[in-house]
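# A closer look at the structure
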Amino acid sequence: MNVVATSGLAVALAVPGSRTVLAGCWLVMVVIMWASAWRGYWSGPIRQLAPTVALLVASGGAWLAGPDLGHLILKNTMVPWLLRGLTGMLLLGSVLWLMVFAVLWRLGRNRFPSKTGEAENPVLGAVVGCWIGVLWSGVLFLVLAALGAGAQFWLELTDRAPPSLARSVLAKLVVVKNSLAMVNGAGWLNKWNPLPDRTRRVMEKSLMVLNTPGALSRLQRLQEIQSIATHPAFYPLTQDPEIRELVVRRDVESLFSHPAVLRLLSDDDFQRQLARIDLERLLDEAILGVPPVLQ
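In short, a report on the structure. (Residues numbered from 1 in each chain as written. Predicted model: local features only at pLDDT ≥ 70, side-chain atom pairs only at ≥ 80, totals over all residues. Heavy atoms only, no water.)

What follows deals with the nonpolar core. Among the nonpolar cores identified, the biggest contains 22 residues, and V209, L219, V261 and L282 are the most heavily contacted of them. The residues touching L282, leaving out its near neighbours within four places in the chain, are L219, L222, E224, I225 and I277. In terms of nonpolar packing, the next biggest core, distinct from the first, is built from nine residues, C25, L180, A181 and L189 among them. (Core = buried A, V, L, I, M, F, W, Y, C linked by side-chain atoms within 4.5 Å. Buried < 20%, exposed > 50% of the residue type's maximum accessible area, 1.4 Å probe, protein only. Contact = heavy atoms within 4.5 Å.)

Below is the structure:
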């Protein structure tokens with residue numbers, strides 16, 4: 001069973017792109033290309049390649065071993081269980097990047113410097129630097145587009161939240177993303193979302209449960225949910241009047257920043273138990289009104 005959850009909870013943000021923002025992005029790319037070519041001319045091709053090659057090696061190592069490392073060294077800490085794998089990837093990636101960068105930087109030193117102090121192969125270094133600038137500009141724009149797509153999804157999910165500085169910043173990220181989508185061949189950015197499909201569906205269906213009469217009570221009566229609700233780490237939250245008020249107001253931003261919720265997210269045993277249940281299926285049953293399986 002699978003309910004196709006859409007963003008019908010909120011009207012999609014029809015934020016147009018801006019040619020001024022797009023022109024600013026092109027200017028940023030030109031500046032990055034020029035700066036990178038200038039650095040390549042004076043430092044040489046190997047040193048100019050060092051940061052990028054180091055990043056590729058670090059990314060591969062972090063992807064393979066980072067999550068396990070994070071869960072190992074951050075066990076029983078206040079770091080949320082869901083973020084430990086990512087934190088491990090960042091830590092391992094940083095160490096690998098520094099090591100590879102240091103080796104390549106040493107290999108790229110001037111062996112026979114001229115009287116002017118120029119590096120070897122300055123012209124080749126400038127060419128390499130220019131293309132490295134193009135590459136990093138693309139990465140920067142892709143990151144901005146990902147942030148904008150995530151911001152748009154969050155604004156749509158929390159459309160009832162009151163205006164704030166944070167929401168204003170998120171709206172500006174959406175404008176940047178839509179401006180980048182105006183480039184020929186980049187129209188796919190309009191529909192792109194970096195979040196996994198299942199994560200998006202669970203978030204959307206969670207709000208659908210809150211907005212569907214009777215769905216929340218049906219969800220609470222499901223056997224799997226009852227086992228979660230009676231967990232020692234979760235049960236106190238159900239008795240907290242402040243948490244209840246945030247749920248009633250559907251203030252998602254304040255709810256996920258509440259200290260009690262943050263402590264829950266860092267509880268290893270609770271997160272493992274939560275990971276074992278098929279939350280999307282349970283949300284579907286609650287939304288469709290399928291009779292729950294009682295204990």
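Now that the structure is up, let's keep going.
Applying the stated criterion across every chain yields a total of four aromatic pairs. Considering the side-chain rings of Y41 and W42, the 5.3 Å spacing of their centres and the 75° angle between planes classify their relative orientation as edge-to-face. Judged by its relative accessible area of 28%, Y41 is partly exposed. Between W97 and F101, the ring centres sit 4.9 Å apart and the planes meet at 5°, which makes this aromatic pair stacked. Here the residue W97 and the residue F101 both occupy positions in helix α3 (residues 81-107), the gap between them amounting to four residues, near one helical turn. A relative accessible area of 26% places W97 in the partly exposed class. One aromatic cluster is present, built from ring pairs that chain together W97, F101 and W105. (Phe/Tyr/Trp six-rings, centres within 6.5 Å; stacked < 30°, edge-to-face > 60°. Helix = DSSP H or I, 4+ residues; strand = E, 2+ residues; numbered from the N terminus.)

This next bit is on the packing of helix α4 (residues 122-157) against helix α5 (residues 165-180). With their axes 7 Å apart at the nearest point, α4 and α5 run at an angle of 125° to one another. Our classification of the angle between α4 and α5 gives oblique. By crossing handedness, the relation of α4 to α5 is classed as left-handed. For the pair α4 and α5, the contacting residues are F141, L144, A145, L147, G148, A149, A151, Q152, W154 and L155 in the first and R167, L170, A171, L173, V174, V176, K177, N178 and L180 in the second. (Axes fitted to C-alpha atoms, helices over the stretch in contact; angles between N-to-C directions. Parallel < 35°, antiparallel > 145°, perpendicular 65-115°, else oblique. Left-handed = near helix turned anticlockwise from the far one by under 90°.)

Next up on the list: α5. The first and last C-alpha atoms of α5 sit 23 Å apart over 16 residues, in line with the 22 Å expected at 1.5 Å per residue. Within the sequence span of α5, burial applies to R167, L173, V174, V176, K177, N178, S179 and L180. (Expected span 1.5 Å × (residues − 1).)

With that settled, the discussion passes to the packing of helix α1 (residues 19-43) against α5. Remark: α1 packs on α5, axes separated minimally by 9 Å, with the N-to-C direction vectors making an angle of 75°. In terms of axis orientation, α1 runs roughly perpendicular to α5. When α1 is examined against α5, the residues V21, L22 and C25 are found in contact with a partner set consisting of V175, V176, S179 and L180. Its residues assigned to classes, the contact of α1 with α5 comprises six nonpolar, one polar and no charged. (Nonpolar A, V, L, I, M, F, W, Y, C, P; charged D, E, K, R; others polar.)

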